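# Close look at the chain arrangement
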Amino acid sequence: MSTHNTLTPPPSDWWRHPIGRDEVLWISVAAAWCVIMTFMMVYWYFAGNQNQAGEAYRISAEAFEAKADAMVDQYTIRTETELEVPVVAVPPGGDVYIVASQFQWNVIPELKLGETYRFHLSSVDVNHGFSLQPINVNLQLVPGYDYVLNFTPNAVGEYNIVCNEYCGLAHHTMVGRLYVVE
Ligand SMILES: [Cu+2]
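Cut-offs applied
- Residues numbered from 1 in each chain as written.
- Predicted model: local features only at pLDDT ≥ 70, side-chain atom pairs only at ≥ 80, totals over all residues.
- Helix = DSSP H or I, 4+ residues; strand = E, 2+ residues; numbered from the N terminus.
- Expected span 1.5 Å × (residues − 1).
- Buried ≥ 20, exposed ≤ 12 C-beta atoms within 10 Å, placed from the backbone.
- Arc of directions from axis to C-beta.
- Contact = placed C-beta atoms within 7 Å.
- Domains from an automatic or database assignment.
- Core = buried A, V, L, I, M, F, W, Y, C linked by C-beta atoms within 7 Å.
- Pairing = 2+ DSSP bridges.
- Axes fitted to C-alpha atoms, helices over the stretch in contact; angles between N-to-C directions.
- Bend = angle between axes of the 7 residues up to and from the residue.

### Details of helix α2 (residues 61-75)
If you check α2, its first and last C-alpha atoms are 21 Å apart, about what 15 residues at 1.5 Å a residue would give, namely 21 Å. Among all positions in α2, only Phe64, Ala68 and Met71 are buried. In a view along the axis of α2, the buried residues occupy a sector of 55 degrees, so they form one face of it. Projecting away from the buried face of α2 at angles above 90 degrees are the exposed residues Glu62, Ala63, Ala70, Asp73 and Gln74. Packing partners of the buried residues in α2 comprise β3 (85-88), β4 (95-101), β7 (117-123) and β10 (145-151).

See below:
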């Protein structure tokens, strides 16, 4: 092994010198771990059972808002907060349209425990992030796409919908709600 420290430059033909055993071991472990982690990306998609299938469609902001407005007209059961945000109770199996815009979420969905819903998420202006807390559902919302998420809540409660992608000056106020009831 060489005895160079940081003050003496390495020999100009350093690549001709044999590699130390400890270094070979370290490179081998790192390379093997890279291969394992690469296959884990595919394996965990199926075994982890926590990734959405990545179903998405092109849609214009106008078309998406029209569908969301139709849902609000049909299924609003009350409004909440001084902003009078509609609370919508879409029947089980139905389509729930979530519109992200600067700096609000269009509705407060009220879901029934154990029932499956088809969520559609989109932004009508800039990129937003859909983060459902505390269960950590996480999606990036790019304008022009309808992101579809099959969703079956398994615990009653009040959840927060947080925009986790910086979208402008009032980004930090972009917090919504979702209810799961019996
Ligand atoms: Cu935001």
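Right, picking up where we left off after that structure.
### Focus: the domain arrangement of the protein
Taken domain by domain, the protein consists of domain 1 (1-51) and domain 2 (55-181). Computed from C-alpha atoms alone, the centre-to-centre distance between domain 1 and domain 2 is 44 Å.

### Topic: the nonpolar core
By size, the foremost hydrophobic cluster in this structure holds 27 residues, and its most contacted members are Ile98, Ala100, Leu121 and Phe130. Broken down by secondary-structure element, the contributors of at least two residues to this core are α2, β4, β6 (108-112), β7, β9 (137-141) and β10. It is β4 that provides the largest number of residues to this core, a total of five residues. For Ile98, the contacting residues outside a window of four places in its chain are Trp105, Asn106, Phe119, His120, Leu121 and Phe130.

### Notes on the sheet that holds strand β11 (residues 157-162)
With mixed pairing, seven strands are arranged side by side in an open sheet as β2-β3-β6-β12-β11-β8-β9. Edge positions in the sheet fall to β2 (76-80) and β9, since each of these pairs with one other strand and no more. Strand-to-strand twist across the sheet, computed as the mean angle between neighbouring axes with direction ignored, equals 20 degrees. Sheet topology note: the β3/β6 ladder contains two bridges and is parallel. By the bridge assignment for β6, Val87 is matched with Ile108. Along the sheet face, α2 touches β2 and β3 and points at about 70 degrees away from the line of β3.

### Description of helix α1 (residues 21-47)
With 27 residues, α1 extends 37 Å from end C-alpha to end C-alpha; this agrees with the ideal 39 Å at 1.5 Å per step. Within α1, the axis deviates most sharply at Met41, by approximately 35 degrees. Where burial is concerned, little of α1 is hidden: zero out of the 27 residues are buried. Remark: Asn49 follows α1 within two positions and exhibits a positive phi of approximately 50 degrees.

### A few points about the environment of Tyr97
Residue position: Tyr97 is located in strand β4. Its 24 C-beta neighbours within 10 Å are what place Tyr97 among the buried residues. Separated by 51 residues in the primary sequence, Tyr97 and Val148 place their C-alpha atoms 9.4 Å from one another. When residues no more than four places from it in sequence are discounted, the contact partners of Tyr97 are Lys67, Ala68, Met71 and His120.

### With respect to the sheet that holds β7
On the basis of which strands lie adjacent, the open sheet formed by five strands has the order β1-β10-β7-β4-β5 and mixed pairing. The sheet is open, and its two edges are formed by β1 (55-58) and β5 (104-105), each paired on a single side. As defined by bridge partners, β4 adjoins β7 across six bridges and the pair is classed as parallel. Bridge assignment links Asp95 to a residue of β7, and that residue is Arg118.

### Observations concerning the pairing of β10
Within a regular strand, the side chains alternate between the two sheet faces. The pairing of β1 with β10 spans four bridges and is classified as antiparallel. Directly across from Glu55, in β10, lies its bridge partner Val148. With five bridges joining them, β7 and β10 adopt antiparallel strand pairing. If you follow Arg118 over to β10, its bridge partner there is Asn150.

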